[in-house]
Amino acid sequence: MKTLIKNGTIVNHNGSQKANVLIDGDKIALITADEPAADKIIDASGKLVMPGLIDMHVHFRDPGLEYKDDINTGSETAVAGGVTTCCPMANTNPVNDNAVVTRDMVAKAKARGLIDLLPIGAITSKMDGKKCVEMGDMTEAGAVAFSDDGLPVASSDVMRYALEYSKHFGSFVINHSQDCSLCRGGHMNEGRVSAILGIKGMPREQEEIMVSRDLLLAKLTGGHIHIAHVSSEWSLKLIAQARAAGINVTCEATPHHFTYTEDELLGYDTNFKMSPPLRTKSDVEAIREGLKSGLIDVIVTDHAPHHNDEKFLEFDKAPFGILGLQTLVPMTLELVNDGVISIEQMAALTSYNAAKILKLKDKGVIAEGYLADIAIIDPNFEYLYDKSLNKSKSQNSPLLGKMLKGAAVITIKSGKTVFEFPNVVA
């Protein structure tokens, strides 16, 4: 089966060009100005032909919490956002802390056939922070990194061991940067807005202290530490200093942390309640600058579905978390439209850099010989993001019911069209 994508603008991390893409089977066979014969032709006039997006940080709630989402609906939500590769975190029930659970997750995704699912295994058994998992077995089963995301590893000794152990297997560690002794039952950023609302807050220092510790442990061990969902200006200063010193550190940021401030919480909307919490304007500006400068390596969604009954509660009782997969493209395009990043930087931040970190040699680039994972994006398409478009079982997004601009109108995975935006002719 040959597919020709014609008249589009190919966007890679290192440049853009007007050219046609011929797909043969599951690979990109040719980049050309010509129009070779094909079984299927996709006219991408006025659209961007980008590498399939890679999301290094999602929660699919499978196994055990499938009423929120599962691997099937998670996969459907991903491709509806142009995402062809996802790394789900380990905080499932049972926890993904052994090779059996890891293999089962991978098998479910393969059976659905929409995305490549690369699980993040737990750092510790049952995510209790005490004993490291069998990283070798889990790596062999398909785990690409290790994290107790949602529950920080409090013990420095355990984290040291995790960094040393993961390094041995050519992997890395992602820690949820939070010193829980400073949480004090907080539900949002500690500051002006928390004082106005009378809601307990958490100081940004809880993140910065843990980032500092993990950077020092990476220095000690030579292991690779990946800092999840950076939300603080000072965290970025610490990461910049560590990188300048040669410490093996990468980091990520989410669209909600480079778009929204704590002021959104003045309306008590629990869909804006997340961990780490929304912070101040200066923090948002620092994250945007970090994306622009290249200090931040990847954009992730931290897609965290929760049932309506869980979010429709008093603010202090509602869980942390926000949907993100289907709004990744429009929110990131806002950075491009604002002149914060170029469209080529968007390709780097949403695909190429993640492929490098995860050592995926056939992904992240639109080039001959690479896997045909492709997102055809219309940056000017305006639409209502509503329940009929939302593929997740959950609805905890403040953007539901809002007009958005920019979407993946066609998603191709391994040469097969796995998503087409409803009622849009590409």
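Residues numbered from 1 in each chain as written. Predicted model: local features only at pLDDT ≥ 70, side-chain atom pairs only at ≥ 80, totals over all residues. Heavy atoms only, no water.

The name that an unreviewed UniProt entry assigns to the chain is Dihydroorotase, with the source organism given as Campylobacter showae RM3277. Looking at the Sequence similarities (unreviewed entry) heading of the UniProt record, one finds this comment for the chain: "Belongs to the metallo-dependent hydrolases superfamily. DHOase family. Class I DHOase subfamily." Note on the chain: under the UniProt heading Catalytic activity (unreviewed entry), the record states "(S)-dihydroorotate + H2O = N-carbamoyl-L-aspartate + H(+)". (UniProt positions renumbered as here; feature names shortened; annotations may be inferred.)

Draft legend 1. Spotlight on the overall build of the chain. In terms of regular secondary structure, the chain is built from eleven helices and 21 strands. In summary, the chain has a C-alpha radius of gyration of 21 Å against a globular reference of 22 Å for 426 residues, a match within 12%. Judged by the C-alpha coordinates and their principal axes, the chain covers about 65 × 50 × 40 Å. Restricting the contact set of the chain to residue pairs at least 6 apart, pairs at least 24 apart contribute 74%. Accessible surface for the chain amounts to roughly 16200 Å². Of this, 50% is attributable to carbon and sulfur atoms. Distance between charge centres in the chain, computed from 43 positive and 54 negative side chains, equals 1 Å. (Helix = DSSP H or I, 4+ residues; strand = E, 2+ residues; numbered from the N terminus. Rg over C-alpha atoms; globule rule 2.2 N^0.38 Å. Contact = heavy atoms within 4.5 Å. Areas by Shrake-Rupley, 256 points an atom, 1.4 Å probe, with all protein chains shown as cover. Lys, Arg positive; Asp, Glu negative; His and termini not counted. Charge placed at Lys NZ, Arg CZ, Asp CG, Glu CD.)

Draft legend 2. Spotlight on unusual backbone geometry. Here Asn93 and Pro94 are connected by a cis peptide whose omega angle stands at 5°. Residue placement: Pro94 occurs in the loop between strand 9 (83-88) and helix 2 (99-112). Of the consecutive residues Ser275 and Pro276, the connecting peptide bond is found in the cis state with omega at 0°. Looking at the element boundaries, Pro276 is found in the loop between strand 17 (249-253) and helix 8 (281-293). The residue Met127 is not glycine, and still its phi comes out positive at about 55°. Its location among the elements puts Met127 in the loop between strand 11 (120-121) and helix 3 (135-141). Accessibility expressed as a relative area gives 8% for Met127, which makes it buried. (Buried < 20%, exposed > 50% of the residue type's maximum accessible area, 1.4 Å probe, protein only.)

Draft legend 3. Up close: a negative patch on the surface. Taken together, Asp24, Asp26, Asp39 and Asp362 make up a surface patch of like negative charges. Here Asp362 falls in the partly exposed class, since its relative accessible area comes to 31%. (Patch = residues over 30% accessible without salt bridge, like charges linked within 9 Å, V, L, I, M, F, W, Y side chains within 5 Å. Salt bridge = Lys/Arg side-chain N within 4 Å of Asp/Glu carboxyl O.)

Draft legend 4. Region of interest: empty space enclosed by the protein. Counted by the stated rule, this structure contains four cavities of 30 Å³ or more. Computed from the structure, the largest cavity encloses a volume of approximately 80 Å³. What lines the largest cavity is Ala80, Gly81, Gln326, Val329, Pro330, Tyr383, Tyr385, Leu389, Ala407, Ala408 and Phe421. Listed by contribution, the elements that provide at least two residues to the lining of the largest cavity are helix 10 (328-337), strand 19 (374-385) and strand 20 (402-413). (1 Å grid on protein atoms, 1.4 Å probe; cavity = no way out; pocket = protein on both sides within 12 Å on 5 of 7 lines; lining within 4 Å. Points joined across faces, edges and corners; volume = space filled by probe spheres on them.)

Draft legend 5. Here's a closer look at the environment of Ile54. Structurally, the position occupied by Ile54 is in strand 8 (residues 53-58). Residue classification places Ile54 among the buried positions, given a relative accessible area of 3%. Distance from Ile54 to Gly82, taken between C-alpha atoms, is 8.9 Å for residues 28 residues apart in sequence. For Ile54, the contacting residues outside a window of four places in its chain are Thr85, Ile299, Thr350, Ser351, Ala354, Ala355, Leu358, Leu360 and Lys363.

Draft legend 6. Structural context of the nonpolar core. Counting residues in each nonpolar core, the largest one holds 115 residues, and the members touching the most others are Ile5, Val21, Leu291, Ile374, Ile376 and Ile377. Within the second largest apolar cluster, 18 residues are counted, among which are Met56, Val298, Ala354 and Leu358. (Core = buried A, V, L, I, M, F, W, Y, C linked by side-chain atoms within 4.5 Å.)

Draft legend 7. Spotlight on the UniProt feature "binding site: Zn(2+) 1" (unreviewed entry) in the chain. Per the UniProt record, "binding site: Zn(2+) 1" (unreviewed entry) is annotated on His57, His59, Asp149 and Asp302. On the basis of their most widely separated C-alpha atoms, the annotated residues across 246 residues gather in one place, lying no more than 10.1 Å apart. Within the annotated group, the residues that form the lining of the largest pocket are His59, Asp149 and Asp302. Summarising the element assignment, Asp149 is placed in the loop between strand 12 (145-146) and helix 4 (156-168). With relative accessibility at 4%, the residue Asp149 sits in the buried group. If sequence neighbours within four positions are ignored, Asp149 has contacts with His57, His59, Met89, Asn91, Met127, His176, His229 and Asp302. Within polar-contact distance, the side chain of Asp149 engages the side chain of His57 at 3.1 Å. Its location among the elements puts Asp302 in the loop between strand 18 (298-299) and helix 9 (308-311). Of note is the side chain of Asp302, whose polar atom sits 3.0 Å from the side chain of His59. (Polar contact = N/O pair within 3.5 Å; in protein donor to acceptor, adjacent residues only side chain to side chain.)

Draft legend 8. Inspection of the layout of surface pockets at higher detail. Reported here for the largest pocket is a volume of approximately 460 Å³. Contributing to the lining of the largest pocket are 25 residues, with Asn91, Gly150, Ser275, His306 and Phe320 lying nearest its centre. Approximately 270 Å³ is the volume attributed to the second largest pocket. Lining the second largest pocket are 14 residues; nearest its centre among them are Lys110, Ile115, Asp116, Leu117 and Lys413. With three residues, the top contributor of residues to the lining of the second largest pocket is helix 2. Among the residues forming the lining of the second largest pocket, the class breakdown is seven nonpolar, two polar and five charged. Mapped onto the domain boundaries, the lining of the second largest pocket takes at least three residues apiece from domain 1 (2-48 + 370-392 + 400-420) and domain 2 (52-358). (Nonpolar A, V, L, I, M, F, W, Y, C, P; charged D, E, K, R; others polar. Domains from an automatic or database assignment.)

Draft legend 9. How the structure looks around the domain arrangement of the chain. Each domain of the chain was delimited in the assignment, giving domain 1 (2-48 + 370-392 + 400-420) and domain 2 (52-358). Of the roughly 2100 Å² buried where domain 1 meets domain 2, counting both sides, 66% is carbon and sulfur surface. When the buried surface of domain 1 facing domain 2 is broken down by residue, His13, Lys391 and Ser392 rank first, second and third, together holding 27% of it. When the shortest N-O distance is used, the salt bridge between Lys413 and Asp116 registers 3.1 Å. (Buried area = accessible area lost by both parts, 1.4 Å probe.)

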